[in-house]
Amino acid sequence: MSELIKIALIMNQNSYAGREYLSKLTDLQIDVLSIGEYPEFNHIEEERCGNLWKPESEQELYKHFNFYSFRSLNSKELEKFLISKNYHIGIQGGTGIIKSNIIRLFSLGLLNFHPGDLPYYRGCSAPEWQLYEQKKIVSTAHKIDEGIDTGEILLKKELDVSLKSYAHFRASIYPETAKFVRDVLLDIIRGDDLILNTAPQDERQAIYRKYIGEEKINELKKMLSSS
């Protein structure tokens, strides 16, 4: 794999996940495609994490990356920009559903880092469902296709999450995932054929998860507080 591989991270403006990923990639040459207009503070995320997780601000990240702004994922300007840039790899850093006309413009694939062991934990609340079912907290690096969490798998990693409390648990997920993002990108840049040797998911094992619900979240909070 060429060291001149071209990478872009695509995220909603001020995405907490995207900002966390970028904070671990400041020494790499990556363009940032910022979608839409969103506030700097995500109060729902901060409340869920007990204000324990504060990703680096976009203002700080401007020092390390070139940011390019687009109105939406459906913007013709975005599609034209991607055609002109010829990126090899994209990283999904927190956006809405990305359609095939955008996916296909990353020649080696658009990657997602799903905080669940695919295909067993597709959909919502994957970290919570894994914890609730007393499984390892696994993140899966996979290529994005037109389905939801259905793309071919590159690699899986058990995340070293905190179990001090539910807030600590949630606050540790994306910082740990960001380390995984970095590891995968470095492997690809250094010449690993990881992205060329992906494996399809076994649809017979696929389970789509719905939002776990407040009742089970309260059970998790009690479980973690007593451990």
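Note: the structure precedes this text.
Just so we're clear, the structure is a prediction, and the values are computed from it rather than from any experiment. Here the residue index of a chain counts from 1 through its sequence in written order. Where local features are concerned, this predicted model is filtered to residues with pLDDT of at least 70; where side-chain atom pairs are given and counted, the filter is 80 or more; whole-chain, interface and lining totals use all residues. Each side-chain value is derived from all of the structure's non-hydrogen atoms; neither hydrogens nor water enter the calculation.

1. Describing the side chain of Ser-15
- We count a stretch as a helix when DSSP gives it H or I for four or more residues in a row; a strand needs E for two or more, and each element gets its number in order from the N terminus. Among the structural elements, Ser-15 can be located in the loop between β1 (7–12) and α1 (16–23).
- By definition in these notes, contact holds between two residues if any of their heavy atoms fall within 4.5 Å. Contact partners of Ser-15, with chain neighbours within four places excluded, come to Gly-93 and Gly-94.

2. Things to note about the environment of Ser-57
- Mapped onto the fold, Ser-57 is located in the loop between α2 (43–48) and α3 (58–61).
- When the C-alpha atoms of Ser-57 and Thr-26 are compared, they prove to be 13 Å apart, with 31 residues separating the residues in sequence.
- Each residue touching Ser-57, except ones within four places of it in the same chain, is listed here: Arg-19 and Glu-40.

3. Thoughts on helix α4 (residues 76–85)
- Each residue's exposure class comes from its accessible area (1.4 Å probe, protein chains only) as a fraction of the maximum for that residue type: buried when under 20%, exposed when over 50%, partly exposed otherwise. Residues of α4 that are buried include every one of Leu-78, Glu-79, Phe-81 and Leu-82, and no others. Along the axis of α4, the buried positions cluster into a sector of 160 degrees, meaning they face one direction only. Among the exposed residues of α4, those oriented more than 90 degrees off its buried face are Lys-76, Lys-80 and Ser-84.
- Here the buried face of α4 lies against β1, β2 (30–35), β3 (66–70) and α5 (100–103).
- Looking one or two residues beyond α4, the residue adopting positive phi is Asn-86, at roughly 55 degrees. Think of the arc as the fan of directions from the helix axis to the C-beta atoms.

Geometric values such as these leave the question of function open.
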